[in-house]
Amino acid sequence: MVSTSVRSLENHSPAHICPFDQACSYLEWAGKELKLDQGLLEILSHPRKVVTVSIPVKLDDGEVRVLAGHRVQHSDVLGPYKGGIRYHPAVTLREVSALAMLMTWKCALVGIPYGGAKGGIPIDPKRYSVGELERISRRYISELIKDIGPAVDIPAPDMGTSAREMAWMMDTYSVNVGHAVPGVVTGKPLSIGGSRGREMATGRGVMIVVREALADQGKSLVGVRVVIQGFGNVGCAAAELLHQEGAKVIAVSTGAGGVFSQTGLDIPALKAYAANNHKSVAGFPQATPISNADLLTLPCDVLIPAALENQITEENVHQVKAQIVAEAANGPVTLEANLSLEARGVTVLPDILANAGGVVVSYLEWVQGLSYVFWDEERVNREMEHLMVQAYRQVVQQSKARQVTLRLAAYTLGVGRVAQALTDRGLYP
Ligand SMILES: NC(=O)C1=CN([C@@H]2O[C@H](COP(=O)(O)OP(=O)(O)OC[C@H]3O[C@@H](n4cnc5c(N)ncnc54)[C@H](OP(=O)(O)O)[C@@H]3O)[C@@H](O)[C@H]2O)C=CC1
Ligand SMILES: O=C(O)CCC(=O)C(=O)O
């Protein structure tokens, strides 16, 4: 019944493309390729649990506002629910449900023992003070106290949240249960059991997967022209690491617009500039301003959407000129646009593979916490790289074996593993 309610909710997605319908379409595509029973697909297209809580918050000026806080738990067939928490004005229950489903396939694909979940609050964090954000985060987690835990559901950062919010959430959970429980969230500060390497992990995973895809085409990262939409946790780390490896990052953007340089941007200087400019890249010297729409259609070798879903659609896909599209964001390319890119021979590195570095290091953080042994950054990066390269290779192998694109290969692996586990556990038929 829960999923019926998710499916019947109105879509308020900005581009009028429903992220949950998109996620279900990708699932149906994989299910068809795997010849899964309709009943099994029906189970997989329904989140197991959907929670929406009210978050009353007293603002600094004395006004009381009641916010909605969502947590969608899609599947726990392979292990505890796992997935980030998003603070963004466009958050809806359907979007969170889509992102929760993607987490399930992602964890299964990279072989970590988790299910999938996601959370979100429809707010623009830039419009709230630090004190207000702390009150919102603490109340949200208090309301979800019975639904989360280190063996039940483990949140992490996503858009608009970071180690700071995870620390507040870990503290609130711990105070409620009466003792410190670092394992209830990942992406925490190092001081309370976070892992070295987590902050850069998603961007590092993107760099690794792009590097492997280029190597399969007989190329290296050196001199490759890269365009990145989004300069937050993921986009900035990807830019920095690709720049370090010799790639030429020619354009990046934030919500307010982007900057472009034909000869390549000085990424360390741009990072420092954005840090002092409210995280915006606008006005960066020695670069030309560019709109987000134009940035997506720049001639380049690698295009990395690292912001929101539904950025490459039927409307603009024919103008995309990249040879490789690496989905650092979740769901940035619609199914129709993906088919169009694939038909033109563009290599699409799908989200559940390309951005899995974050959840992989979250897993390594959880493992370190449970064993009370913490690793140096070199070891974390090595273990992560091993899992990412292994997943990439499995996707390539599946693509060859089934004669399908990397997208369908990744989805058949992720969905197929969850379907197998569901059957083995006796949950189906
Ligand atoms: N954090 C993580 O570990 C992981 C994140 N992801 C995914 O990566 C994506 C980005 O997440 P993350 O980097 O953490 O989020 P952040 O909040 O750290 O950064 C988001 C970036 O995207 C920009 N942005 C927002 N809207 C637009 C827009 N319409 N056009 C261009 N840029 C825009 C923001 O700019 P501004 O500040 O102006 O709004 C900001 O630079 C999301 O899809 C997320 O789900 C996936 C796996 C793990
Ligand atoms: O690190 C995590 O647990 C989740 C990261 C995430 O939300 C994602 O991969 O989309």
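Residues numbered from 1 in each chain as written. Chains lettered and ligands numbered in written order. Predicted model: local features only at pLDDT ≥ 70, side-chain atom pairs only at ≥ 80, totals over all residues. Heavy atoms only, no water.

Going by an unreviewed UniProt entry, the protein carries the name Glutamate dehydrogenase and comes from Cylindrospermum stagnale PCC 7417. What UniProt records for the protein under Sequence similarities (unreviewed entry) is the sentence "Belongs to the Glu/Leu/Phe/Val dehydrogenases family." (UniProt positions renumbered as here; feature names shortened; annotations may be inferred.)

A. The domain arrangement of the protein, seen in detail. Considered domain by domain, the protein is made up of domain 1 (44-194) and domain 2 (199-354). Domain 1 and domain 2 are separated by 27 Å when their C-alpha centres are compared. In this assembly, 11 residues from domain 1 lie in contact with eight residues from domain 2. When the two sides are added together, the surface that domain 1 and domain 2 hide from each other amounts to roughly 850 Å², 62% of it contributed by carbon and sulfur. Considering only the side of domain 1, the residues that lose the most area to domain 2 are Leu102, Lys106 and Leu109, jointly responsible for 44% of the buried surface there. Viewed at the interface, domain 2 and domain 1 are joined by one salt bridge. Arg86 is the partner of Glu309 in a salt bridge, and the nearest nitrogen-oxygen pair spans 3.3 Å. Here domain 1 is connected to domain 2 by two residue pairs in polar contact (both at pLDDT 80 or more). Here the element with the most residues in the side of domain 1 that touches domain 2 is helix 4 (residues 93-110); it accounts for six residues. (Domains from an automatic or database assignment. Contact = heavy atoms within 4.5 Å. Buried area = accessible area lost by both parts, 1.4 Å probe. Salt bridge = Lys/Arg side-chain N within 4 Å of Asp/Glu carboxyl O. Polar contact = N/O pair within 3.5 Å; in protein donor to acceptor, adjacent residues only side chain to side chain. Helix = DSSP H or I, 4+ residues; strand = E, 2+ residues; numbered from the N terminus.)

B. Inspection of the pairing of strand 2 (residues 64-75) at higher detail. Pairing geometry for strand 1 (residues 49-58) and strand 2, over 10 bridges, is antiparallel. Within strand 2, the position partnered with Ile55 by the bridge is Leu67. In this sheet, strand 4 (residues 116-121) lies alongside strand 2 in antiparallel orientation, the contact comprising five bridges. Paired with Val72 across the two strands is Lys118, which belongs to strand 4. (Pairing = 2+ DSSP bridges.)

C. Layout of the site of ligand 2. If you check the shell around ligand 2, you find 14 residues, and the closest are Lys82, Gly84, Lys106, Lys118 and Ser362. Within the backbone of Gly84, a nitrogen or oxygen atom sits 3.0 Å from an oxygen atom of ligand 2. When the free accessible area of ligand 2 is taken as 290 Å², the share hidden by the protein chains comes to 96%. Only strand 3 (81-87), helix 4 and helix 13 (357-371) provide two or more residues apiece to the shell around ligand 2. Classifying every residue of the shell around ligand 2 by side-chain character gives three nonpolar, six polar and five charged. (Near = heavy atom within 4 Å. Areas by Shrake-Rupley, 256 points an atom, 1.4 Å probe, with all protein chains shown as cover. Nonpolar A, V, L, I, M, F, W, Y, C, P; charged D, E, K, R; others polar.)

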